[in-house]
Amino acid sequence: MNQAVQIGLRLSVCGGMRRKCLGPWLAALGAIGAASESASAQTAFTLPAPPFELPMVPSVSGNWTVMVGVGGEYKPDFEGASRSMFSPVPIFSIRRAGSAEQFRGPRDSASIALVDFGDLRAGPAGKFVSSRKANDYSELNGLGDVKTAFELGGFVEYYPVDWFRTRVELREGVVGHHGTVADFSGDFIVPVIQRLTFSVGPRFTWESTQATSPYFGIDAMQAMASGLPVFNAKGGAHSYGAGAQVSYRINRQWEVHSYVEYERLLADAANSPLVTLRGSPNQTTVGVGASYSFDFRIR
Amino acid sequence: MSHSIAFASFATVVVLAVSVSGCANFATGETKLQAVKTVGIVSAVGDQMSFATAGLTGLNNSTQSFQIGSWGLDDLIVQQATTALNGRFQVQPVSYNRSAFAAIKDSPVAAVNLVRGDPFKKLVQTEVSPQGLDAYIVITKAKSNFGGGGRKVEGIGFITYGTLLSSHNQIHALYEIRVFDGKTFEVIEKRAAAPLENSGTMNLTGPSQLVDETFAPNIGDLSRNEKLHGAITDLIVHSLPSTLSDMHLAAVR
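Note that the coordinates shown come from a computational prediction; the quantities given were computed from them, not determined experimentally.

A. A look at the overall build of chain B. Tallying secondary structure elements over chain B gives seven helices and 14 strands in all. For chain B, the share of sequence-separated contacts (at least 6 apart) that also reach a separation of at least 24 residues comes to 69%.

Spelled out as structure tokens, the structure:
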């Protein structure tokens, strides 16, 4: 059962408070690093046993590996924007100790592999999409807010060889929009030396009309308020692009990484007046981060 | 921000409640072990050795397995564990069907593992004699991902890992230890052997060691490769006492 539980996220969860959130993360990271500098394979702390166990639910007792970290992303202000800004990104993952960290792409949603053949993995996946506030950016004046969305679905990834991963995520909006999103990616994973890994690969996203229109459609009211023409955004091919990532493992605990993701919006996402008149179809995200791993135990 | 504070307060209350009730009402594995006097040891780790290529492998992803039963690693494990446990427990020899224990595999589907429970429980009840000891310590192969990709390795093995600029060889002895209650056959403790202190940044989650080309096995004559045999033995001898100690089974290292 060791392989079953692995959750990882890289989320921008602080919204408008982004800059203020970075301090506590750095402080926490530093504290953990200082407390268990020589942790190695030892557990950093032990928690008591849970008071009850549910039938059919795996026991949480045992050793766990937690990875915490902080990163930063320089990315478009909103999808379709021509300007970018830097925002902090918390890094967190937890897995059973004894299950090594697996390759993760920057665009991967949080996921759990409930089926794990080694080269073929599958399970549920979820993605948090932060709200888009019209007041935050002048380009959005008159368009109104787009609510926070949460998409739930599943993923399948397959390694035909050790150095190439293909991954598909299919998600449905359950909060916010109620559309469907499919992300396709491939990654060539090249270990340059033992500690240094470089990966690069293509990306493609398909979105349904319900997932596209809240962000790129402009109705009559919005047109009057914003000065943009009415636009009925339909779903379909949403974007293509490429991504690259480099990670360096300093030691068992510390890892640093950097990545760049380029997306070219397609079809109605690219043709929306919001993009053609006030934004850009070229979307580039650059990120850096550092993470620290430690073990803890639940009795 | 008020939502964050409310959530943090709620989380703190939940953690405290779980901690307090966990301390007050429920016996931990450590406390259950205090009642154990007699134990039997089962080992089914070392009957096979795998040879894998990983990393930049071209299109060769092959893993081969070869018999190494003649090395007597399971007997060594039982002997080492007996030495470590004697004093605290009365270790009694047990007979068991080693191949039945070695044949057990986790299902790749997590739900199947949940439904069937611990696969070794029934074997301890039916394949080990004598019954009636206070506890049974079962040492079996553990599994680890390797190289960040989809590759998994288990038990005793030799990996050749290729990178763009170099390649290296690595041996591993991955095993996990379960302690079964001799009356209820529930798992009291379970732990996989951790990486050794000197294993650096190697991406394996159990005892392993980098080795040079001179350890590379001649497959056709594996049983006579004493250098490889010795290195694998060292991994087990160095990791077993500390793993038993971490499980509160043996004296502090």
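B. Representation of the sheet that holds strand S4 (residues 90–92) of chain B in the model. Residues and elements named next belong to chain B. Taken in spatial order, the five strands of this open sheet run S4-S1-S7-S12-S13, and their pairing is mixed. With partners counted over all chains shown, the strands left at the sheet margins are S4 and strand S13 (187–192), one partner each. The mean inter-strand angle of the sheet, taken between neighbouring strand axes irrespective of direction, is 25 degrees. Note: strand S1 (residues 38–44) against S4, three bridges, orientation parallel. In the sheet register, Gly40 faces S4, and the bridge partner there is Gln92.

C. Representation of the environment of Arg264 of chain A. Residue and element names in this part refer to chain A. As for its position among the elements, Arg264 is in strand S13 (residues 254–265). Owing to 16 C-beta atoms within 10 Å, Arg264 belongs among the partly exposed residues under this scheme. If we ignore the near neighbours within four places in the chain, the residues touching Arg264 are Ser239, Tyr240, Gly241, Pro281 and Asn282.

D. Spotlight on the nonpolar core. Within the largest apolar cluster, 57 residues are counted, with the highest numbers of intra-cluster contacts made by Val42, Ala81, Tyr136, Ile137, Val138 and Ile139 of chain B. Ranked by residues supplied to this core, first place goes to helix H7 (residues 226–246) of chain B with six residues. Grouped together as the second largest cluster of nonpolar side chains are ten residues, Tyr215, Ala233, Leu265 and Leu274 of chain A included.

E. Summary view of H7 of chain B. Residue and element names in this part refer to chain B. The end-to-end C-alpha distance of H7, which contains 21 residues, comes to 30 Å, matching closely the 30 Å that a straight helix rising 1.5 Å per residue would cover. Where H7 bends most, at Ser239, the angle is about 30 degrees, and the proline Pro241 comes one to four residues later. Residues of H7 that are buried include every one of Leu228, Ile232, Leu235, Ile236, Ser239, Leu240, Ser242, Thr243, Leu244 and Asp246, and no others. On its buried side, H7 packs onto helix H3 (73–85), strand S10 (156–162), strand S11 (167–173), strand S12 (175–181), S13 and strand S14 (208–211). Looking one or two residues beyond H7, the residue adopting positive phi is His248, at roughly 65 degrees.

F. Focus on H3 of chain B. Residues and elements named next belong to chain B. The terminal C-alpha atoms of H3 lie 18 Å apart, and with 13 residues this matches the ideal 18 Å at 1.5 Å per residue to within 8%. For H3, the complete set of buried residues consists of Leu73, Asp74, Ile77, Val78, Ala81 and Ala84. Take H3 and look down its axis: the buried residues cluster within an arc of 140 degrees, on one side only. At the C-terminal side of H3, Gly87 shows a positive phi close to 110 degrees.

G. Representation of the pairing of strand S11 (residues 196–207) of chain A in the model. All names here are of chain A. As paired strands, strand S10 (residues 180–191) and S11 are joined by nine bridges and run antiparallel to one another. When the bridges of S11 are listed, Pro191 appears paired with Thr197. Between S10 and S11, which pair antiparallel in sequence order, lie four residues. Where S11 and strand S12 (residues 236–249) come together, twelve bridges link them in antiparallel fashion. Counterpart to Trp206 in the pairing with S12 is Ala237.

H. Highlighting the confidence of the model for chain A. Put simply, chain A has an average pLDDT of 82, and 79% of its residues get 70 or more. Contacts from residues 1–41 of chain A, a stretch scored under 50 in pLDDT, to residues over four places away or in other chains number 75 contacts.

Rules of the game
Residues numbered from 1 in each chain as written. Chains lettered and ligands numbered in written order. Predicted model: local features only at pLDDT ≥ 70, side-chain atom pairs only at ≥ 80, totals over all residues. Helix = DSSP H or I, 4+ residues; strand = E, 2+ residues; numbered from the N terminus. Contact = placed C-beta atoms within 7 Å. Pairing = 2+ DSSP bridges. Axes fitted to C-alpha atoms, helices over the stretch in contact; angles between N-to-C directions. Buried ≥ 20, exposed ≤ 12 C-beta atoms within 10 Å, placed from the backbone. Core = buried A, V, L, I, M, F, W, Y, C linked by C-beta atoms within 7 Å. Expected span 1.5 Å × (residues − 1). Bend = angle between axes of the 7 residues up to and from the residue. Arc of directions from axis to C-beta. pLDDT = per-residue confidence, 0-100.

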